[in-house]
Amino acid sequence: MRKLILGAILAGTSLFALGTQAESLSPADIKVGKQYVELPTHVPVAQPGKIEVVELFWYGCPHCYQFEPSINAWAGNLPEDVSFRRVPALFGGLWNIHGQLFLTLEAMGVETKVHTAIFDAIHKDGKKLATPEEMAEFLAGHGIDKDAFLKTYGSFNVKSQMEKAKKLAIAYQISGVPVMVVNGKYRFDLGSAGGPENTLQVADYLIEQERSGQ
């Protein structure tokens, strides 16, 4: 019960009501310490030479689910010099189970194929996807081999990626989701930015700052 309560708190920590969109931001409105914070220690990016944008999320987070249409449309139109990736937030319990699911699918190269279907299964259909067997059964309906999934789920590679994700969350100093980080330097969320669209405006602003070397 304690883990469930903690999960509910963490999922909403960074946010006021997701549906509340503040007035649209102009570049002049965006300030460090207000819409975003600069991390005291910059975190190395996964793909040097590109401007990295990371979204930390949890499949069970309703705010992450509601953010999906906006961030997917935005990520699909990023320029070549920007890389976008998702990292699961691992706060224990179901967070870790779902995070391992994501990292397994990523290792298999099929995560983008079923990402939305997993969110829908949890938030629309009420599925828990709380065991590898339940996940494998669900994924089989989307063309993913059950045995291959289960083998990858328990693999050393996926367990290593879990440890990396945990360390990233600590380095980013996150306390809730969804959270975005630009180039390992700047952290912000829907609450600090003022809603989903403003969050993406902050991301665009920080990308441009990094591109221009400011």
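Summary of the structure given here. (Residues numbered from 1 in each chain as written. Predicted model: local features only at pLDDT ≥ 70, side-chain atom pairs only at ≥ 80, totals over all residues. Heavy atoms only, no water.)

**A short note on the overall build of the protein chain**
Argument step 1. Counting its regular elements, the protein chain contains nine helices and five strands.
Argument step 2. Tracing the protein chain from N to C terminus, the helices and strands come up as α-β-β-α-β-α-α-α-α-α-β-β-α-α.
Argument step 3. Put simply, the protein chain has 214 residues, and 47% of those count as buried.
Argument step 4. Considering only residue pairs separated by 6 or more positions, the protein chain has 75% of its internal contacts joining residues 24 or more positions apart. (Helix = DSSP H or I, 4+ residues; strand = E, 2+ residues; numbered from the N terminus. Buried < 20%, exposed > 50% of the residue type's maximum accessible area, 1.4 Å probe, protein only. Contact = heavy atoms within 4.5 Å.)

**Overview of the packing of aromatic side chains**
Argument step 1. Going through the model one piece at a time under the given rule, you end up with eleven aromatic pairs.
Argument step 2. Ring centres of Trp74 and Phe84 lie 6.2 Å apart, and the angle between their planes is 85 degrees; on these two criteria the pair is classed as edge-to-face. A residue pair is termed long-range when its members are at least 10 positions apart, and Trp74 in helix α2 (residues 62–75) and Phe84 in strand β3 (residues 82–88) qualify at ten residues.
Argument step 3. Taking relative accessible area as the criterion, Trp74 reaches 11% and is therefore assigned buried.
Argument step 4. Using a relative accessible area of 22% as the deciding quantity, one classes Phe84 as partly exposed.
Argument step 5. Look at Phe149 and Tyr153: their rings are 5.7 Å apart centre to centre, the planes differ by 45 degrees, and that puts the pair in the tilted class. Pair noted here: Phe149 and Tyr153 are both in helix α6 (residues 146–153), with a separation of four residues, about one helical turn. (Phe/Tyr/Trp six-rings, centres within 6.5 Å; stacked < 30°, edge-to-face > 60°.)

**Topic: the packing of α2 against helix α4 (residues 111–123)**
Argument step 1. Contact geometry for α2 and α4: axes closest at 10 Å, N-to-C directions at 145 degrees. Crossing angle aside, the handedness with which α2 passes α4 is left-handed. In this structure, α2 contributes Pro62, Cys64, Tyr65, Glu68 and Asn72 to the contact, and α4 contributes His115, Thr116, Phe119, Asp120 and His123.
Argument step 2. A breakdown of the residues in the contact of α2 with α4 according to their chemical character gives four nonpolar, four polar and two charged. (Axes fitted to C-alpha atoms, helices over the stretch in contact; angles between N-to-C directions. Left-handed = near helix turned anticlockwise from the far one by under 90°. Nonpolar A, V, L, I, M, F, W, Y, C, P; charged D, E, K, R; others polar.)

**Describing the sheet that holds strand β5 (residues 186–189)**
Argument step 1. With respect to topology, five strands assemble into an open sheet ordered β1-β5-β4-β2-β3, the strand pairing being mixed. Each edge of the sheet is formed by a strand with only one pairing partner; in this case those strands are β1 (37–38) and β3.
Argument step 2. Of the pairings in the sheet, the one linking strand β2 (residues 51–57) to strand β4 (residues 179–182) comprises four bridges and is antiparallel in character. Within β4, the position partnered with Glu55 by the bridge is Met180.
Argument step 3. Contacts from α2 reach β2, β3 and β4, with the element oriented near 160 degrees to β3.
Argument step 4. In the packing of helix α3 (residues 94–108) onto the sheet, contacts are made with β2 and β3, and the angle to β3 comes to roughly 135 degrees. (Pairing = 2+ DSSP bridges.)

**Re the side chain of Asp189**
Argument step 1. Along the polypeptide, Asp189 turns up in strand β5.
Argument step 2. An unpaired buried charge is present at Asp189: no salt bridge exists, and Arg187, the closest side chain of opposite charge, is 5.8 Å distant. (Lys, Arg positive; Asp, Glu negative; His and termini not counted. Salt bridge = Lys/Arg side-chain N within 4 Å of Asp/Glu carboxyl O.)

**Notes on unusual backbone geometry**
Argument step 1. Pro178 follows Val177 through a cis peptide bond whose omega is -5 degrees.
Argument step 2. The backbone of Leu129 sits at a positive phi, close to 50 degrees, despite the residue not being glycine.
Argument step 3. With respect to the helices and strands, Leu129 occurs in the loop between α4 and α5 (132–140).
Argument step 4. Taking relative accessible area as the criterion, Leu129 reaches 0% and is therefore assigned buried.
Argument step 5. You will see that Gln173, though not glycine, has its phi angle at about 60 degrees, which is positive.
Argument step 6. In this structure, Gln173 sits in the loop between α7 (156–172) and β4.

**What about the packing of α3 against α7?**
Argument step 1. As a packed pair, α3 and α7 sit with axes 9 Å apart at the nearest point and diverge in direction by 120 degrees. The pairing of α3 with α7 is recorded here as oblique in orientation. With respect to the hand of their crossing, α3 and α7 are arranged in right-handed fashion. On α7, the residues that touch Asn96, Gly99, Gln100, Leu103, Thr104 and Ala107 of α3 are Asn157, Val158, Gln161, Met162 and Lys166. (Parallel < 35°, antiparallel > 145°, perpendicular 65-115°, else oblique.)

**With respect to the pairing of β4**
Argument step 1. In β4, alternate side chains face the same way, and those of Val179 and Val181 on one face and Met180 and Val182 on the other are all buried.
Argument step 2. Remark: three residues form the turn of the hairpin made by β4 and β5, two consecutive strands paired antiparallel; Asn183 in that turn has positive phi of roughly 55 degrees.

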